[in-house]
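Survey of secondary and tertiary structure
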Amino acid sequence: MDRIAEDVRLDNYLRLQFPSRSENESLARVAVASFVAALDPTMEELTELKTAVSEAVTNAIIHGYQEGDGEVTVECALFEHTVRVVIEDHGVGIPDIEMAKQPMYTSRPELERSGMGMTIMETFVDSMEIVSEVGEGTRVTLVKTFRTAPDVM
C-alpha cells in the first residue's frame, strides 16, 4: 500500500507507528491535533479532525487485528491549509467496503459497537478514501481543509 506522496516536505510531515492497543488511540489523536496546530484551527475544526482520526485508529485496532496485536501507522502531511492523514494497518482487511460504510454495520457485534465509525469519519472530513485487501490490511486516507488557517504557511 502506498504511503503519503513522496513530494511531502519533511518539515510538514509526521509518522507514528504503534502497537494496536486501545490505549494508543489517544496518542494518535493528540499527536495529530498537535501537528495541525500551526494551521490555527477552530475548536470545532480540531474536534472534527480528532474524532475522525480516533474512529479510524479505533477501527484499525478493533477490526484490523481481531486475533492478537499488530501495528498501526498514522501519517500526516500539511499542504497549505489542508492536512492529509493516513491510518494504516496490516490486519484482516475489509471484504466489502461499501457494506462496511453503511450506518449501523459492524464486523464485531459481540463488542456492542455502534457501527457508525465510517459515517462519522466521512462527516467530519472533506474527503475519505478507503483501500483494503483481505488478509493484507486497510488504509484510510482523511483530508481536511481548515477554513481558518492563516495565510503565512
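Above: the structure in question.
Let me sum up the structure you'll find in this document. (Residues numbered from 1 in each chain as written. Predicted model: local features only at pLDDT ≥ 70, side-chain atom pairs only at ≥ 80, totals over all residues. Heavy atoms only, no water.)

1. Let's talk about the overall build of the protein
In terms of regular secondary structure, the protein is built from four helices and five strands. Its helices and strands in sequence order give the protein the pattern β-α-α-β-β-α-α-β-β, from N to C terminus. When each of the 153 residues of the protein is scored for burial, the buried share is 46%. In the protein, the share of contacts with a sequence separation of at least 24, taken over all contacts with a separation of at least 6, comes to 69%. Taken as a whole, the protein presents about 8,200 Å² of accessible surface, with 50% of it coming from carbon and sulfur. (Helix = DSSP H or I, 4+ residues; strand = E, 2+ residues; numbered from the N terminus. Buried < 20%, exposed > 50% of the residue type's maximum accessible area, 1.4 Å probe, protein only. Contact = heavy atoms within 4.5 Å. Areas by Shrake-Rupley, 256 points an atom, 1.4 Å probe, with all protein chains shown as cover.)

2. Details of the nonpolar core
In this structure, Val74, Val85, Ile87 and Leu142 are the most contacted members of the largest nonpolar core, which totals 35 residues. Tallying contributions element by element places helix 2 (residues 43–64) first for this core, with eight residues. If near-sequence neighbours (up to four positions away) are discounted, Val74 is found in contact with Leu14, Arg15, Leu16, Phe18, Ala28, Val32, Val57, Val85, Val86 and Ile87. (Core = buried A, V, L, I, M, F, W, Y, C linked by side-chain atoms within 4.5 Å.)

3. Description of the pairing of strand 2 (residues 71–79)
Burial runs high along strand 2: seven of the nine residues are buried. Pairing geometry for strand 1 (residues 13–19) and strand 2, over seven bridges, is antiparallel. Bridge pairing in strand 2 places Leu16 opposite Val74. Pairing of strand 2 with strand 3 (residues 82–89) involves eight bridges; the strand directions are antiparallel. Bridge pairing in strand 3 links Glu75 to Val86. Where strand 2 folds back on strand 3, the antiparallel hairpin that results is connected by two residues, among which Glu80 adopts a positive phi of roughly 55°. (Pairing = 2+ DSSP bridges.)

4. A look at the pairing of strand 5 (residues 137–145)
Taking burial as the measure, the nine residues of strand 5 include seven buried ones, the bulk of the element. With eight bridges connecting them, strand 3 and strand 5 associate as antiparallel partners. Counted as the bridge partner of Asp89 is Thr138 from strand 5. Strand direction decides the pairing type here: strand 4 (residues 127–133) and strand 5, joined by seven bridges, are antiparallel. Residue pairing in the sheet places Glu129 in a bridge with Thr141 of strand 5. Between strand 4 and strand 5, which pair antiparallel one after the other, the connecting turn spans three residues, and Gly135 there sits at a positive phi close to 80°.

5. Some details on helix 2
Because an α-helix packs 3.6 residues into every turn, residues spaced three or four apart end up facing the same way. Here helix 2 is 22 residues long and its end C-alpha atoms lie 30 Å apart, about the 32 Å a rise of 1.5 Å per residue gives. Counted residue by residue, helix 2 has 16 buried out of 22 residues, so it is predominantly covered. (Expected span 1.5 Å × (residues − 1).)

6. A word on the sheet that holds strand 3
Strands pair in a sheet through their backbones, by hydrogen bonds, and they do so in one of two ways: parallel or antiparallel. Spatially, the five strands line up as an open sheet ordered 1-2-3-5-4, and their pairing is antiparallel. With one partner strand each, in any of the chains shown, strand 1 and strand 4 form the two edges of the open sheet. Across the sheet, the mean angle from the axis of one strand to that of its neighbour is 10°, orientation sign disregarded. Contacts between helix 4 (residues 117–124) and the sheet are confined to strand 4 and strand 5, with strand 4 contributing the most and set at about 140° to the helix. (Axes fitted to C-alpha atoms, helices over the stretch in contact; angles between N-to-C directions.)

7. As for the packing of helix 1 (residues 24–35) against helix 2
Packed helix pairs are specified by the crossing angle of their axes together with the interaxial distance, meaning the distance between the axes. Two numbers describe how helix 1 lies on helix 2: the axes approach to 9 Å, and their chain directions differ by 145°. In the packing of helix 1 onto helix 2, the handedness of the crossing is right-handed. Two secondary-structure elements touch here, helix 1 through Glu25, Ala28, Arg29, Val32 and Ala33 and helix 2 through Leu46, Leu49, Lys50, Val53, Ser54, Val57, Thr58 and Ile61. (Left-handed = near helix turned anticlockwise from the far one by under 90°.)

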